[in-house]
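Summary of the model geometry
The lines below spell out each chain.
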Amino acid sequence: MRLLVTGGLGFIGSNLVRWILQQHPDVELVNVDAETYAGNPANLADLLPHPRYRGVRADVADRATMRALFHDWHPEAVVHLAAESHVDRSLQDATPFLRTNVEGTQVLLDAARETGVGRFVYVSTDEVYGSLGPTGVFTETSPLAPRSPYAVSKAAGDLLAQAAYHTWRQPVIITRCSNNYGPYQYPEKFIPLVILNALEGQPIPLYGDGQQVRDWIHVEDHVRGLWPALTRGTPGRVYNLSARNEQPNRAVAETILALLGADPALLRTVRDRPGHDRRYALDPSRAEQELGFAPRIPWREGLRQTIAWYHQHTAWWRAIREREDYQNYYQQQYG
Ligand SMILES: NC(=O)c1ccc[n+]([C@@H]2O[C@H](COP(=O)([O-])OP(=O)(O)OC[C@H]3O[C@@H](n4cnc5c(N)ncnc54)[C@H](O)[C@@H]3O)[C@@H](O)[C@H]2O)c1
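Residues numbered from 1 in each chain as written. Predicted model: local features only at pLDDT ≥ 70, side-chain atom pairs only at ≥ 80, totals over all residues. Heavy atoms only, no water.

Here is the rule: UniProt positions are given in the numbering used here, feature names are shortened, and annotations may be inferred rather than shown by experiment.
The name recorded for the protein chain in an unreviewed UniProt entry is dTDP-glucose 4,6-dehydratase, from Candidatus Hydrogenisulfobacillus filiaventi. We quote the UniProt Sequence similarities (unreviewed entry) comment for the protein chain here in full: "Belongs to the NAD(P)-dependent epimerase/dehydratase family. dTDP-glucose dehydratase subfamily." Here the protein chain is described in UniProt, under the heading Cofactor (unreviewed entry), as follows: "NAD(+)".

Structure, rendered in structure tokens:
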């Protein structure tokens, strides 16, 4: 299979590329990534060069370049992950979110339609559903009610993908996954931030009362769900992916500190994120029944493995945390 992946130098994308190259010897893979601040060639460096992999540094919203790539290489399938992915950054400036997540998705859908791509997975998020109260879960039929510029931009991409199916019967499949954690996650995100600040004995910022609930899944389990969605998912259909693992932020941080044997006093309450969604929880029954989706990595075990990974890859994260753009972002965000 000729498979085009976008965003394959990011957190989930690099885990997906690694897994596919290892598990599926029939796949030839092209990875389109703009190498933004979050796209890190080091994420795949140990695998490369690889006879079935080619990296293309390009912007998915660049229509001429995407058309040329699709017309030249004729991918049979696409998994579209490239995105601006951090809610906090979308509050500082939504512009790149609209370009990549909305325009970029339409550009890829158009190029895929022109060249007859047979399968197109749009990797969406539970954040498109908005926020839950203390009870209930989102199913695929829950209304979309995104509440941050990031979530709105992902929902727009999700709806453009659905429109391509309804209008042209383009074979588009949408996955909406809950919060991921695991190796290669960019250090600004919550779990690596807690681990790395704890390892360096620095204060750990915790938004508001820390009782915001997220539904955590290990990135490998997400990747293992994307494959059957790509190969067996029904076109036009949406699949929620989650490990049914709801955790309040404060409990996540406290668990990590306990696993590390670090001082709980490192946790510092900071002003809550404006408009912070209170709770996400996803029902993955459809993916379980129709795709055989079955997350395998238990939460504490996954956290232990993730902590061990960051322990063993200090050069990877130090290089990012020492960069001026990372420090400027951190300073602006947490003071
Ligand atoms: N991280 C999560 O918990 C989570 C959960 C559900 C869904 N998702 C979705 O999964 C996808 C990947 O998320 P992630 O956490 O790996 O993000 P990430 O920020 O780690 O990686 C994003 C990647 O996209 C690339 N990219 C950004 N703009 C681009 C552009 N214009 N053209 C080409 N490449 C571009 C970046 O260089 C980077 O490699 C996103 O679509 C995100 O919305 C993430």
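With respect to the site of the ligand
Let me state the cut-off plainly: When at least one non-hydrogen atom of a residue lies within 4 Å of a molecule or strand, that residue is treated as near it. We call two N or O atoms a polar contact when they sit within 3.5 Å, provided that within protein one can donate a hydrogen and the other can accept it, with sequence-adjacent residues counted only if both atoms are side-chain atoms. Every accessible area reported is derived by Shrake-Rupley at a probe size of 1.4 Å, with residue values counting cover from the shown protein chains alone. Runs of E in the DSSP output that reach at least two residues are strands. Runs of H or I that reach at least four are helices, and both are numbered from the N terminus.
Around the ligand, the structure places 28 residues, and the nearest of them are Ile 12, Asp 33, Ser 85, Tyr 150 and Lys 154. In the model, an oxygen atom of the ligand is placed 2.7 Å from a nitrogen or oxygen of the Tyr 150 side chain. When the free accessible area of the ligand is taken as 840 Å², the share hidden by the protein chains comes to 96%. If you list the elements that add at least two residues to the shell around the ligand, you get helix H1 (11–23), strand S5 (119–125), helix H5 (149–168) and strand S7 (179–181).

Some details on the sheet that holds strand S11 (residues 246–248)
The condition that has to hold: Note: two strands are recorded as paired if DSSP finds a minimum of 2 bridges between them. With axes taken as lines fitted to C-alpha atoms, and helix axes fitted only over the stretch in contact, angles between N-to-C directions fall between 0 and 180 degrees.
Taken in spatial order, the 3 strands line up as S7-S9-S11 in an open sheet, and their pairing is mixed. The open sheet has two edge strands with one neighbour each: S7 and S11. The mean angle between the axes of side-by-side strands here comes to 50°, regardless of whether they run parallel or antiparallel.

Structural notes on the packing of aromatic side chains
Cut-off, in case you're wondering: Centres within 6.5 Å make a pair out of two Phe, Tyr or Trp rings, where for Trp the six-membered ring is used; the pair is then stacked when the planes are under 30 degrees apart, edge-to-face when over 60, and tilted otherwise. Relative accessibility decides the category of a residue: with a 1.4 Å probe and only protein chains considered, values under 20% of the type maximum give buried, values over 50% give exposed, and everything between is partly exposed.
By the definition in use, this model includes 16 aromatic pairs. The interplanar angle of 20° and the centroid separation of 6.4 Å between the aromatic rings of Trp 216 and Trp 299 together place this pair among those described as stacked. With a gap of 83 residues between them, Trp 216 in strand S9 (residues 213–218) and Trp 299 in helix H10 (residues 299–312) connect regions that are remote in the sequence. Here the two residues Trp 216 and Trp 299 agree in accessibility, since each one is buried. Summarising the aromatic geometry, the rings of Trp 309 and Tyr 310 are spaced 4.9 Å apart at their centres and angled 85° between planes, so their arrangement reads as edge-to-face. In this structure, Trp 309 and Tyr 310 share a single accessibility class: buried.

A closer look at the packing of helix H8 (residues 249–260) against H10
Let me state the cut-off plainly: Under this scheme an angle from 65 to 115 degrees is roughly perpendicular, one under 35 degrees roughly parallel, and one over 145 degrees roughly antiparallel; angles in between are oblique. The sense of a crossing depends on the near helix, which, turned anticlockwise from the far helix by less than a right angle, makes the crossing left-handed and, turned clockwise, makes it right-handed. A contact between two residues is defined here by any heavy atoms of the two lying within 4.5 Å. Basically, the charged four are Asp, Glu, Lys and Arg, the nonpolar ten are Ala, Val, Leu, Ile, Met, Phe, Trp, Tyr, Cys and Pro, and anything else, Gly included, counts as polar.
At their nearest, the axes of H8 and H10 sit 11 Å apart, and the two run at 60° to each other. With respect to each other, H8 and H10 are oriented oblique. At the point where H8 passes H10, the crossing takes the right-handed sense. Of the residues in H10, those in contact with Val 252, Thr 255, Ile 256, Leu 259 and Leu 260 of H8 are Trp 299, Arg 300, Leu 303, Arg 304, Ile 307 and His 311. Its residues assigned to classes, the contact of H8 with H10 comprises 7 nonpolar, 2 polar and 2 charged.

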